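For reference, the chains in residue letters:
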Amino acid sequence: MQHFSIAIDGPAGAGKSTIAKAAAERLGFIYVDTGAMYRAMALYFLRQGIDPAAEEEISASCGQADVTIRYQDGVQQVILNGENVSALIREEAVGNMASATSVYLPVREKLVQLQKQLAAQADVVMDGRDIGTCVLPDAQVKIYLTASVAERARRRFLELEKKGQEADLEAIKEDIRQRDYRDMHRENSPLVQAEDALYLDTSEMTISQVVEEILAIAASKGANVPS
Ligand code: DC
């Protein structure tokens, strides 16, 4: 049986994970956060003290980082060489290392294979940068989710503030611009809108408006959307 897939791509901070998670919950699908897999690999490279520019070293050590995922109460857990690293991969440093090391083909090939396997086994909402273009080119629904740099920085700022962490809005904006540039201009699977993806700018939309829109599209493609 062919499973139903919803591919959500977009830049950092566009709200992909919040929206993908909510849509998956409503549909009874599995939510697959592919960024978490790149982050787990990045954590491995950071722990090994590997320079993100050292392509050969990264390619050679890729095979030593075993990344898998499992679900605990419906929440994705990322396992790196047997260790649940889900709580350790949300730091900015890990995100930046993930952006820098996800440019390398051996890293991508390894994780794309895992992502394809997951989508072959279950109905999924999968988010990332290359889901609609590379990982699941036949996904029934493809969304390109974005928001302005200013709005994405504002959301990140509020998130950090809520956690009681100090944050500098201008520094966050600069970080977002750099990450966008790297993710959109890399040679392997850059972030681009798939031709058949729906472009959704969430700058002026609430989370529930975006989720409802995605559910309506999924329903129009044959997904069973419980009310
Ligand atoms: O979505 P995120 O911030 O957790 O992703 C971290 C980095 O991983 C992102 O900057 C680029 C990379 N990534 C990727 O190259 N392809 C994906 N499908 C998901 C993430």
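Note that this is a predicted model, so its numbers are computed, not measured.

## Notes on the packing of helix H1 (residues 16-27) against helix H9 (residues 207-220)
Piece 1. At a minimum axis distance of 9 Å, the contact between H1 and H9 shows a crossing angle of 50°. What the angle tells us is that H1 and H9 run oblique. Our pair here, H1 against H9, has a crossing hand that is right-handed. Residue-level contacts link Thr-18, Ile-19, Ala-22, Ala-23, Arg-26 and Leu-27 of H1 to Ile-207, Val-210, Val-211, Glu-212, Ile-214 and Leu-215 of H9.

## Let's talk about the side chain of Asp-130
Piece 1. Assignment of secondary structure puts Asp-130 in the loop between strand S6 (124-128) and helix H6 (131-135).
Piece 2. Non-local contacts of Asp-130, meaning those with residues more than four positions away in its chain, are made with Asp-9, Tyr-38, Arg-108, Val-112, Val-135 and Ser-189.

## A word on the sheet that holds strand S1 (residues 5-9)
Piece 1. Taking strand neighbours across the sheet as the criterion, the five strands line up as S2-S6-S1-S7-S8 in an open arrangement whose pairing is parallel. In the strand order of this sheet, the two ends are held by strand S2 (30-33) and strand S8 (198-201), each with one partner. The mean angle between the axes of side-by-side strands here comes to 20°, regardless of whether they run parallel or antiparallel.
Piece 2. One ladder, built from four bridges, connects strand S7 (residues 141-146) with S8; its direction is parallel. Opposite Ile-143, over in S8, you have Leu-198 as the bridge partner.
Piece 3. With respect to the sheet, helix H2 (residues 34-47) is in contact with S2 and S6, its orientation differing from that of S2 by roughly 40°.

## A closer look at the pairing of strand S3 (residues 67-72)
Piece 1. By the bridge criterion, six bridges tie S3 to strand S4 (residues 75-80) in an arrangement that is antiparallel. Paired with Gln-72 across the strands is Val-75, a residue of S4.
Piece 2. From the end of S3 to the start of S4, which pair antiparallel, there are two residues, and Asp-73 there has a positive phi angle of about 50°.

## Considerations on the pairing of S7
Piece 1. Within S7, six of the six residues are buried, leaving the element largely enclosed by the surrounding structure.
Piece 2. Residues Val-141, Ile-143 and Leu-145 line one face of S7 and the alternating positions Lys-142, Tyr-144 and Thr-146 line the opposite face, and both faces are buried.
Piece 3. As judged from the four bridges shared by S1 and S7, these two strands associate in the parallel manner. By the bridge assignment for S7, Ile-8 is matched with Ile-143.

## Here we look at H9
Piece 1. In this model H9 runs 20 Å from its N-terminal to its C-terminal C-alpha over 14 residues, within 8% of the 20 Å that 1.5 Å per residue would give.
Piece 2. Turning to H9, its buried residues number three or more, namely Val-210, Val-211, Ile-214, Leu-215 and Ala-218. Projected down its long axis, H9 shows its buried positions confined to an angular sector of 135°, all on one face.
Piece 3. Along its buried surface, H9 packs onto S1, H1, S7 and S8.

## What to know about the pattern of salt bridges
Piece 1. Throughout the structure, instances matching the rule amount to 13 salt bridges.
Piece 2. In this structure, the salt-bridge partner of Arg-26 is Glu-212, at a minimum N-O distance of 2.8 Å. Taken together, the residues Arg-26 in helix H1 and Glu-212 in helix H9 connect sequence positions 186 residues apart.
Piece 3. On the basis of relative accessibility, which here comes to 41%, the residue Glu-212 falls in the partly exposed class.
Piece 4. Across the pair Asp-33 and Arg-90 runs a salt bridge, and its minimum N-O distance is 3.1 Å. Of this pair, Asp-33 sits in strand S2 while Arg-90 sits in the loop between strand S5 (83-84) and helix H4 (92-101); the two residues are 57 residues apart in sequence, bridging distant segments of the chain.
Piece 5. According to the relative accessible area criterion, Asp-33 is buried, its value standing at 13%.
Piece 6. Take Arg-90: its relative accessible area is 41%, and that puts it in the partly exposed class.
Piece 7. Through salt bridges that share partners, Glu-92, Arg-156 and Glu-159 make up one connected network.

## Regarding the site of the ligand
Piece 1. Taken together, the neighbourhood of the ligand is formed by 15 residues, with Arg-39, Arg-108, Arg-129, Asp-130 and Arg-186 sitting nearest.
Piece 2. One of the side-chain N or O atoms of Asp-183 is found 3.0 Å from an oxygen atom in the ligand.
Piece 3. Out of a free accessible area of 450 Å², the ligand has 94% covered by protein chains.
Piece 4. Contributing elements (two or more residues each) for the shell around the ligand: H2, H4 and helix H8 (169-185).

What counts, and where the lines are drawn
Residues numbered from 1 in each chain as written. Predicted model: local features only at pLDDT ≥ 70, side-chain atom pairs only at ≥ 80, totals over all residues. Heavy atoms only, no water. Axes fitted to C-alpha atoms, helices over the stretch in contact; angles between N-to-C directions. Helix = DSSP H or I, 4+ residues; strand = E, 2+ residues; numbered from the N terminus. Parallel < 35°, antiparallel > 145°, perpendicular 65-115°, else oblique. Left-handed = near helix turned anticlockwise from the far one by under 90°. Contact = heavy atoms within 4.5 Å. Pairing = 2+ DSSP bridges. Buried < 20%, exposed > 50% of the residue type's maximum accessible area, 1.4 Å probe, protein only. Expected span 1.5 Å × (residues − 1). Arc of directions from axis to C-beta. Salt bridge = Lys/Arg side-chain N within 4 Å of Asp/Glu carboxyl O. Near = heavy atom within 4 Å. Polar contact = N/O pair within 3.5 Å; in protein donor to acceptor, adjacent residues only side chain to side chain. Areas by Shrake-Rupley, 256 points an atom, 1.4 Å probe, with all protein chains shown as cover.

Purely geometric stuff here, so don't read any function into it on its own.
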